Amino acid sequence: MTRESPRPAALEWRVFRGSAAVAAGLLSVHQLRARCWARLRHNVYADSRLARDHALACRATLVRVPIGSVVLAGPSAATAHGLRTVAGPDDPVHLIVLGDRRVGASSGTVLHRVPLDPGDVCRVRLAGGDDEVPVTTPARTAWDAAVWLPLTDAVALADGLLFHKLVTPALLAGVAARLADRPGGRRAAHTLSLADGNAASRAESLLRVRLFLAGLPMARARPPVLPVRPPLAWPEYRVALWCAPDRHGEAVMINDGWLVLRTSPRREFSEVVREVRAALTARGCRTKRKQDVVESALSPNMR
């Protein structure tokens, strides 16, 4: 360490066990309390210049478990594959424990003991990390998320994987068919069938699914309409919902006979539902009650 840099070179931009750094003579117990280190977990520290995101939480968790005992899964695997908005720094890290390995439960970690086929695992480098770590493949990641997460979050995760071309609809259908007899298989198949790879953001995905759960038909994300791609639309009823700041092309749609609605994060969701429902009804659509949709999505035959 020097006056210019209080961090040993071996620990710069790293995640490490505090006890190991002390045992190696790199730091003292007192020095671990310095501002240049961030305490992430019990006995786990990191260079405080590292971004506090879910990738860092994953790195902190993997430091604590035996090598070769776990695989990152669900939203944590999606983060490893590059989806930075599916989980935050304080969200739990999801791990699948391999075989009969002994891994102790700890705060901030969710352990799953479920079968993994060899083809369901790959290795990627976490953002900021040096080494590749085992994670579930994008298709298996989407399937696990569909079993573990609320419908809105699971569909948004699958949308993101599709949008970034990490999976294809055929791969999602394939994993749903292959794992159909596993617990949660029917729920996962239903969830993955709702995914739309044209959704350009998590916010669009969440709004699309929330409107569906409110009893409206599932909107299509950014379908080609003339020279325009509205964020959400029901082409069969010629109704579009603009939830993005850029409204380029709205006038073209209106002139072509479309009903173009607008919303923003500041609006009450119930108001948006009422407005969209009224527009769809005016165009001949018969919508469902919210309770009917929710009961269908959560019915025993979907689990």
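Refer to the structure above for everything that follows.
Structure report, in brief. Note that this is a predicted model, so its numbers are computed, not measured.

With respect to the sheet that holds strand E11 (residues 239–242)
Read from one edge to the other, the open sheet built from four strands follows the order E9-E10-E11-E12, with strand pairing classed as mixed. Every other strand in the sheet has two partners, leaving strand E9 (220–221) and strand E12 (259–262) as the edge strands with one partner each. Pairing between E9 and strand E10 (residues 232–234): two bridges, direction antiparallel. Residue pairing in the sheet places Arg-220 in a bridge with Ala-233 of E10. Together, E9, E10 and E11 form the strand contacts of helix H8 (residues 202–213), whose direction differs from that of E10 by roughly 35°.

Here we look at the packing of aromatic side chains
Inspection of every chain in the model, using the stated rule, returns two aromatic pairs. An angle of 85° between the planes, with centres 5.3 Å apart, marks the rings of Phe-16 and Trp-37 as edge-to-face. In this pair, Phe-16 sits in strand E1 (residues 15–17) while Trp-37 sits in strand E2 (residues 37–41), placing the two residues 21 residues apart along the sequence. Of the two residues, Phe-16 and Trp-37, both sit in the buried class. Note on Phe-16 and Tyr-45: the rings are 6.3 Å apart at their centroids and 25° apart in plane angle, and the pair reads as stacked. With a gap of 29 residues between them, Phe-16 in strand E1 and Tyr-45 in strand E3 (residues 44–47) connect regions that are remote in the sequence. Accessibility assignment for this pair places Phe-16 and Tyr-45 in one class, buried.

Re the pattern of salt bridges
For the structure shown, the criterion picks out 17 salt bridges. The salt bridge partner of Arg-49 is Asp-47, with a shortest N-O separation of 2.7 Å. Residue Asp-47 is classed as buried on the basis of its relative accessible area, which comes to 2%. Its salt-bridge partner being Arg-84, residue Asp-53 comes within 2.4 Å of it at the nearest N-O pair. Placement of Asp-53 in the loop between E3 and helix H2 (54–64) and of Arg-84 in the loop between helix H3 (74–80) and strand E5 (93–97) is noted, with a sequence separation of 31 residues between them. The class of Arg-84 is partly exposed, set by a relative accessible area of 46%. When salt bridges that share partners are traced, they join Asp-117, Asp-120, Arg-140, Asp-144, Arg-178 and Arg-182 into one network.

Quick look at helix H6 (residues 169–178)
Those residues of H6 not exposed but buried are Leu-172, Val-175 and Ala-176. For H6, the buried positions fall inside an angular range of 100° around the axis, keeping them on one side. Exposed residues lying more than 90 degrees from the buried face of H6 are Ala-170 and Ala-177. Looking at the buried side of H6, the elements it contacts are helix H4 (138–148), helix H5 (151–163) and helix H7 (185–193).

What counts and what doesn't
- Each chain has its residues counted from 1, running along the sequence as written.
- Only residues with pLDDT of at least 70 get local features here, since the model is predicted, and only at 80 or more are side-chain atom pairs given and counted; chain-wide, interface and lining totals rely on the full set of residues.
- Side-chain metrics rest on all non-hydrogen atoms present in the structure, leaving aside hydrogens and water.
- Only strands that DSSP links by at least two bridges are regarded as paired with each other.
- Working definition: helices are DSSP H or I runs of at least four residues, strands are E runs of at least two. Numbering for both runs from the N terminus.
- Residue contacts are defined here by distance: any two heavy atoms, one from each residue, within 4.5 Å place the two residues in contact.
- As a rule, the C-alpha atoms of each element are fitted with a line to give its axis, helices using only the stretch in contact, and angles between N-to-C directions run from 0 to 180 degrees.
- Classification of ring pairs rests on two measures: the distance between centres of Phe, Tyr or Trp rings, Trp counted by its six-membered ring, which must be within 6.5 Å, and the angle between planes, read as stacked under 30 degrees, edge-to-face over 60 and tilted in between.
- Partly exposed residues are those whose accessible area sits between 20% and 50% of the maximum for their type, while under 20% is buried and over 50% is exposed, using a 1.4 Å probe and protein chains only.
- A side-chain nitrogen of Lys or Arg and a carboxyl oxygen of Asp or Glu constitute a salt bridge if their distance falls within 4 Å.
- Arc definition: it is the arc formed by the directions from the helix axis to the C-beta atoms.

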